[in-house]
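The primary structure of each chain is shown beneath.
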Amino acid sequence: MKISKVILPGLLVPVLFLGLITPSSAQIKIDTSKVYKLGEVIISASKYEQSPRSVGRNVTVITSEEIRQSIYTSVADLLADQQSIHLIGNGQTPGSLQQGFIRGSNSNHAVVMIDGIRISDPSTVNNSIDLSELSVTGIKRIEIVRGSHSTLYGSSAIGGVINIITKKRGTPGLNANLSTRHGRFGEGTYSTANSLFANYTIGNGFYANLGIYQQFTNGLDATIDTVSNPNIYNPQDDDNFNKLDLVGKIGFKTERHDLYVSYRKIHQKIEADAGAYRDDDNLFTDFNRDLFSYGAGTELSPNLSLQLSGAYSDLQRDIVNDSSVVSPDRQYDGSYNETNAKGSLWKNELRATFKGDGLRLVAGALASRQTMSTRNYVYSRSQFGVYESTVDLDSLNLREIIYSGYLHSSFSGGLISESLNRFSLVLGGRYVRHNAFGSHFTYEINPKYQLGESSLIYGAITSGFNAPSLYQLHSPARGFGAYTSRGNAHLDPEVSISYELGWKQQISEALSFELALFQTKVSNVIEYVYLWNSSTPIADLSGADYLGDTYINLSQQNIRGIEVSVSANAGPKLSLNGTASFIKSELSFSPADVNENYTGGHHVQLFESGKFVTGKQVIEGLSRRPFVNASVSAAYRVTDVLSFEVDSRFVGSRDDVFYASNLGPFGALDRTEVSAYNITDLSARYRVTGHFSVIGKIENIFDTDYVEINGYKTRGRGFFVKLRYEL
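In this text, all values refer to a predicted model and were calculated from it rather than measured experimentally.

**Some thoughts on the overall build of the protein**
- Along its length, the protein carries seven helices and 34 strands.
- For the protein, whose C-alpha radius of gyration is 26 Å, the value lies close to the compact-globule estimate of 27 Å for 727 residues.
- Look at the contacts in the protein between residues 6 or more apart in sequence, and 66% of them connect residues 24 or more apart.
- Counting only carbon and sulfur atoms, one obtains 57% of the accessible surface of the protein, whose full area is about 31500 Å².
- Mean positive and mean negative side-chain charge positions of the protein (66 and 72 charges, respectively) differ by 7 Å.

Here it is, written out as structure tokens:
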């Protein structure tokens, strides 16, 4: 499908919209609230406050005002429209697994944090968080820093960093907001999301926050039905979603001191299906996370401050697949499967920040620990008898312990000569000690030059790493005749080197743009592989030659991209924004990359592609990541109380995976192309009174039929209305 046929209908809507509302004699005028977003800061790029326009990296801030005016209630919804972030699961029925790819990197190559403390899911195979668990209740802003940041944030910060900043004190007295959202996104669906957040602040700096969020969805059947034979019993069911979040925080904040303790409770109950094209009427997931965090900061002098922060996160996921009805006369298949997964993450960081004329130094020391355990119980009854099996990893006491220290500095060229005042250089390094793979070092070199008050150019050379998950390191699964266990205690971290060039330009008071070019090379990529008896030629392999499955460091990823964004104000009432990213990637591997001491010299087959490692091979494109990702929006303020906005998002074609039984004796994952799509939304905001407002939105106004992941349904045209009251 040609790009023009997909994107033009959606992009035409904002153009027509502008033509109708823009007077022919309109002149470009300044609207400083749109151009500069006064008061906007970002801390995630350096761990101290900076204006986004002065940062020598590609950064985005989703401000508190943007969150307040949005109809969205989840972090994932807000991230889905951001540059170089491709989110899967977001367009499916609520509660679906939602993971993001930043700059084409793997989903576990992005760090997600709350108040600077990483949250992850160590109970999963790759330690990647499901973004569906994060609502916006109690959130002040979201900061996105693209590119490698392992020097500041450690493991996983290869593709980028997402830092969720929660609310602290408000104006003295009681501050509160209440919202309720209702809508539908397909036949038979209904969704409601309700939120209450209250803050009480005392004039001397003490504050207390309390929030509650509840969501209920009668959803779509998550999977696509491929059963066309009327003689086959096929009870397709809709997959519903229930969510409850509780948020609490107390603290003390003044110009010099900042102390707080907070708690976030997340509970979700999800009706799920067994997999792509595989409906299941009795598969349920119950997820719970308790997150405790704390911080204490003080300004010892105008030049020196200290900050202690930490968090403890405990989570549990219970998956139950009970017997399903398989015939009209209510016969059951006689099977039961239950998985209980647990994980915890504990982290403490002590940081010192020094600021002087032309110099900033940030030094920190961290200690973190992750644990995980799973228990799986299987019961089945058939004509051959009863089968029971229990696998429990609790006795293995699986844990990851990391100690690290870092130094991050920013120097102005003015320290050397006044003629170099416009030049500055960021240098950083981090030393890591991991209990499994030992020590590792990452670095950052980030120069920038201020061409003028309105123009900045920058470059960056950064290294990164991603630690193997506890499951990849220690899973004891080992079938009959297997050469080794699934877990590989000899895994090394995935390592990266990234290069970036960027330009930020304020062309006029009403027009600005940013451009970034980058390349990221990731080595030692961990792959899930089959092992086969080397005594048998590959062409003659059979099931009898199977020697088990495991994880090994094998492949390399090479990712190159261009990012561009433009913002303009055409008059005091109209603002335009557009972003685009073009990302090309490839995966390569060769026999020289295989650790034969671990594999015993046996045949190695990648499960991801079914390829046998017999020679140097290059695979174009990484699965589920588009080459083109673009968005355009037009916002028009009719009056001070009424505004409209049109948003159109284009996602280019990409490869998805599917199981192919012909790839080797046991089959593997092959690829097929998924078509590009264009989604256009229309929203309106009306402030009824100073305290009460109404937001309405039509999602996917053309009712575009599209695919995010093969085998799963996506939402059709949706209608939502949100009522918000603020005190």
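**A look at the confidence of the model for the protein**
- Per-residue pLDDT for the protein averages 90, and the proportion of residues at 70 or more is 93%.
- Between residues 1-38, whose pLDDT stays under 50, and residues either more than four places distant or in other chains, the model counts 59 contacts.

**Focus: the pairing of strand 23 (residues 511-532)**
- Where strand 22 (residues 494-508) lies against strand 23, 13 bridges are found, and the strand directions are antiparallel. Counted as the bridge partner of Val495 is Ser523 from strand 23.
- From the end of strand 22 to the start of strand 23, which pair antiparallel, there are two residues.
- Across 19 bridges, strand 23 lies against strand 24 (residues 546-569) in antiparallel orientation. Paired with Val522 across the bridge in strand 24 is Gln557.
- Across four bridges, the pairing between strand 23 and strand 26 (residues 603-606) is antiparallel. By the bridge assignment for strand 26, Val529 is matched with Leu606.

**Observations concerning the side chain of Asn240**
- Mapped onto the elements, Asn240 comes out in the loop between strand 10 (206-218) and strand 11 (241-253).
- Side-chain polar atoms of Asn240 contact the backbone nitrogen of Gly219, separated by 3.1 Å.
- Excluding anything up to four places from it in sequence, Asn240 contacts Thr217, Asn218, Gly219, Lys269, Ile270 and Glu271.

**Focus: unusual backbone geometry**
- The residue Lys47 is not glycine, and still its phi comes out positive at about 70 degrees.
- By the element assignment, Lys47 lies in the loop between helix 2 (32-35) and strand 1 (59-62).
- The residue Asn127 is not glycine, and still its phi comes out positive at about 65 degrees.
- With respect to the secondary-structure elements, Asn127 resides in the loop between strand 5 (117-118) and strand 6 (139-146).
- Overall, Asn127 belongs to the buried group, its relative accessible area being 11%.

**Here we look at the pattern of salt bridges**
- If you walk through the whole model with that rule in mind, you get 22 salt bridges.
- Among the salt bridges present, the one from Arg141 reaches Glu143, with a minimum N-O distance of 2.8 Å. Each of the two residues, Arg141 as well as Glu143, counts as buried.
- A salt bridge links Arg624 to Asp656, with the nearest nitrogen and oxygen atoms 2.7 Å apart. Of this pair, Arg624 sits in the loop between strand 27 (617-620) and strand 28 (628-637) while Asp656 sits in strand 30 (residues 654-660), and the two are 32 residues apart along the sequence.
- Relative accessible area serves as the criterion here: at 23%, Arg624 is assigned to the partly exposed category.
- Members of the salt-bridge network, linked through shared partners, are Arg57, Arg103, Glu444, Glu500 and Glu563.

**Some remarks on a nonpolar patch on the surface**
- There is a patch of nonpolar side chains on the surface, built from Leu174, Leu178, Leu196, Tyr200, Ile202, Phe206, Ile212, Leu244, Leu246, Tyr725 and Leu727 and spanning about 1000 Å² of accessible area.
- With respect to the helices and strands, Leu178 occurs in strand 8 (residues 173-184).
- In this structure Leu178 comes out as partly exposed when scored by relative accessible area, which is 46%.

**Remarks on the packing of aromatic side chains**
- Within this structure, the stated rule accounts for 16 aromatic pairs.
- Note on Tyr471 and Tyr551: the rings are 6.4 Å apart at their centroids and 80 degrees apart in plane angle, and the pair reads as edge-to-face. One end of the pair, Tyr471, is in helix 6 (residues 470-474); the other, Tyr551, is in strand 24, with 80 residues separating them in the sequence. With respect to burial, Tyr471 and Tyr551 carry one shared label: buried.
- Considering the side-chain rings of Tyr528 and Phe607, the 5.5 Å spacing of their centres and the 70 degrees angle between planes classify their relative orientation as edge-to-face. Here Tyr528 is found in strand 23, whereas its partner Phe607 is found in the loop between strand 26 and strand 27, with 79 residues between them in sequence.
- Tyr528 gets classed as partly exposed once you look at its relative accessible area, which sits at 24%.
- Taking NZ or CZ as reference, Lys167 lies 4.6 Å from the ring centre of Phe197, over its face.

**A look at the nonpolar core**
- One finds Val75, Leu79, Leu131, Leu134 and Ile142 to be the most contacted residues of the largest nonpolar core, which totals 32 residues.
- Elements that contribute at least two residues to this core include exactly helix 4 (75-79), strand 2 (85-88), strand 4 (110-114), strand 6 and strand 7 (160-166).
- Top element by residues in this core is helix 4. It accounts for four residues.
- Setting aside residues no more than four positions away along its own chain, Leu134 makes contact with Ser74, Val75, Val112, Ile114, Ile119, Ile129, Ile164 and Lys243.
- Phe518, Ile583, Leu606 and Ile619 belong to the second-largest nonpolar core, a separate cluster that totals 17 residues.

**Here we look at the sheet that holds strand 4**
- Pairing is mixed in the open sheet, where five strands are placed in the order 1-6-7-4-5. Both outer strands of the open sheet, strand 1 and strand 5, are each paired with one neighbouring strand and no more.
- Relative to strand 7, strand 4 is paired through five bridges, and the arrangement is parallel. Within the sheet, the bridge partner assigned to Val111 lies in strand 7 and is Val161.

**Considerations on the side chain of Ser581**
- By secondary structure assignment, the location of Ser581 is in strand 25 (residues 574-589).
- Excluding anything up to four places from it in sequence, Ser581 contacts Ser84, Ile562, Glu563, Phe627, Val628 and Asn629.

**Quick word on the environment of Val426**
- Tracing the chain through its elements places Val426 in strand 19 (residues 423-434).
- Distance in space between the C-alpha atoms of Val426 and Gly696 is 44 Å, their sequence separation being 270 residues.
- Not counting chain neighbours up to four residues away, the residues in contact with Val426 comprise His408, Ser409, Ser410, Glu444, Ile445 and Asn446.

Rules used throughout
- Residues numbered from 1 in each chain as written.
- Predicted model: local features only at pLDDT ≥ 70, side-chain atom pairs only at ≥ 80, totals over all residues.
- Heavy atoms only, no water.
- Helix = DSSP H or I, 4+ residues; strand = E, 2+ residues; numbered from the N terminus.
- Rg over C-alpha atoms; globule rule 2.2 N^0.38 Å.
- Contact = heavy atoms within 4.5 Å.
- Areas by Shrake-Rupley, 256 points an atom, 1.4 Å probe, with all protein chains shown as cover.
- Lys, Arg positive; Asp, Glu negative; His and termini not counted.
- Charge placed at Lys NZ, Arg CZ, Asp CG, Glu CD.
- pLDDT = per-residue confidence, 0-100.
- Pairing = 2+ DSSP bridges.
- Polar contact = N/O pair within 3.5 Å; in protein donor to acceptor, adjacent residues only side chain to side chain.
- Buried < 20%, exposed > 50% of the residue type's maximum accessible area, 1.4 Å probe, protein only.
- Salt bridge = Lys/Arg side-chain N within 4 Å of Asp/Glu carboxyl O.
- Patch = residues over 30% accessible without salt bridge, like charges linked within 9 Å, V, L, I, M, F, W, Y side chains within 5 Å.
- Phe/Tyr/Trp six-rings, centres within 6.5 Å; stacked < 30°, edge-to-face > 60°.
- Lys NZ or Arg CZ within 6 Å of the ring centre and 35° of its normal.
- Core = buried A, V, L, I, M, F, W, Y, C linked by side-chain atoms within 4.5 Å.

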